[in-house]
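This is what each chain is made of:
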Amino acid sequence: LTNLVDLRVSWNDLSGTIPSEMGKLTNLEKLDVSFNDLSGTIPSEVGKLTNLEVLYVWRNDLSGTIPSEMGKLTNLVEIDVSEND
């Protein structure tokens, strides 16, 4: 999966946390996990996704703050974290 550039798993009733292993998908440009039942925080490992342009995590049960590591994502042009805890 290291060559994966687009991962969309919205509207799937996924539960649990966003796995820290997501940080290994270094070619990822778009990540959409919106409209699920994910909880916990956005893992700091997301900051390793240096090619990431779009991040949608809205409409889950996520809590906490946006990790400071995401400040390294210079290609990120769109992010939606709305409608979480």
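Each remark here, short or long, concerns the structure printed above.
An account of the accompanying structure is given in this report.

Here we come to unusual backbone geometry. A negative phi angle is the norm for most residues apart from glycine, just as the trans form is the norm for most peptide bonds. One non-glycine residue, D13, adopts positive backbone phi at about 55°. According to the relative accessible area criterion, D13 is exposed, its value standing at 64%. Positive phi, normally seen in glycine, also occurs at R59, with a value near 60°.

The subject of this paragraph is the environment of S44. Here S44 lies in the loop between β4 (37-40) and β5 (54-56). Accessibility expressed as a relative area gives 33% for S44, which makes it partly exposed. C-alpha of S44 to C-alpha of M22: the two residues are 22 residues apart in sequence and 9.9 Å apart in space. Sequence-distant contacts of S44, that is, excluding residues within four places in its chain, are made with P67 and E69.

Glancing now at a negative patch on the surface. Residues D13, D37, D61 and D85 make up a contiguous surface patch of negative charge. As for its position among the elements, D61 is in strand β6 (residues 61-62).

Taken as a whole, this structure holds 2 salt bridges when the rule is applied. Linking R8 and D6 is a salt bridge whose minimum nitrogen-to-oxygen distance equals 2.9 Å. On the basis of relative accessible area, D6 is assigned to the partly exposed category, the value being 33%. For R59, the salt bridge goes to E83, with nearest N and O atoms at 3.3 Å. Pair noted here: R59 is in the loop between β5 and β6 and E83 is in the segment after β7 (78-80), with a separation of 24 residues, a long-range link. A relative accessible area of 39% places R59 in the partly exposed class. Judged by its relative accessible area of 48%, E83 is partly exposed.

Read across the open sheet, the 4 strands follow the order β1-β3-β5-β7; overall the sheet is parallel. Of all strands in the sheet, those with a lone pairing partner are β1 (6-8) and β7, marking the two edges. Taking the axes of each pair of neighbouring strands and ignoring which way they run, one obtains an average angle of 5° across the sheet. The sheet contact formed by β1 and strand β3 (residues 30-32) spans 3 bridges and is parallel. Residue pairing in the sheet places L7 in a bridge with L31 of β3.

Thresholds, definitions, all that
- Counting starts from 1 at the beginning of each chain's written sequence and moves along it residue by residue.
- Given that the model is predicted, a residue must reach a pLDDT of at least 70 before its local features are reported, and side-chain atom pairs must reach 80 or more before they are shown or counted; all residues, however, enter totals for whole chains, interfaces and linings.
- For the side-chain quantities, the full set of heavy atoms in the structure was used; hydrogens and water were omitted.
- Between buried and exposed lies partly exposed: a residue is buried under 20% and exposed over 50% of the maximum accessible area for its type, with that area taken using a 1.4 Å probe on protein chains only.
- Helix and strand assignments come from DSSP, with helices taken as H or I runs of at least 4 residues and strands as E runs of at least 2, each series counted from the N terminus.
- When checking whether two residues touch, look at their non-hydrogen atoms; a contact exists if any pair is within 4.5 Å.
- Patches draw on residues past 30% relative accessible area with no salt bridge. Two like charges within 9 Å are joined, as are two nonpolar side chains (Val, Leu, Ile, Met, Phe, Trp, Tyr) within 5 Å.
- Working definition of accessibility: Shrake-Rupley area with a 1.4 Å probe, residue cover restricted to the visible protein chains.
- What makes a salt bridge here is a side-chain nitrogen of Lys or Arg within 4 Å of a carboxyl oxygen of Asp or Glu, nothing more.
- None of His or the chain ends enter the tally, which takes Lys and Arg as positive and Asp and Glu as negative.
- Each charge is placed at NZ for Lys, CZ for Arg, CG for Asp and CD for Glu.
- By this definition, two strands are paired if DSSP reports at least two bridges between them.
- For helices, the fitted axis covers only the stretch in contact; all axes are lines through C-alpha atoms, and the angles between them, taken along N-to-C directions, range from 0 to 180 degrees.

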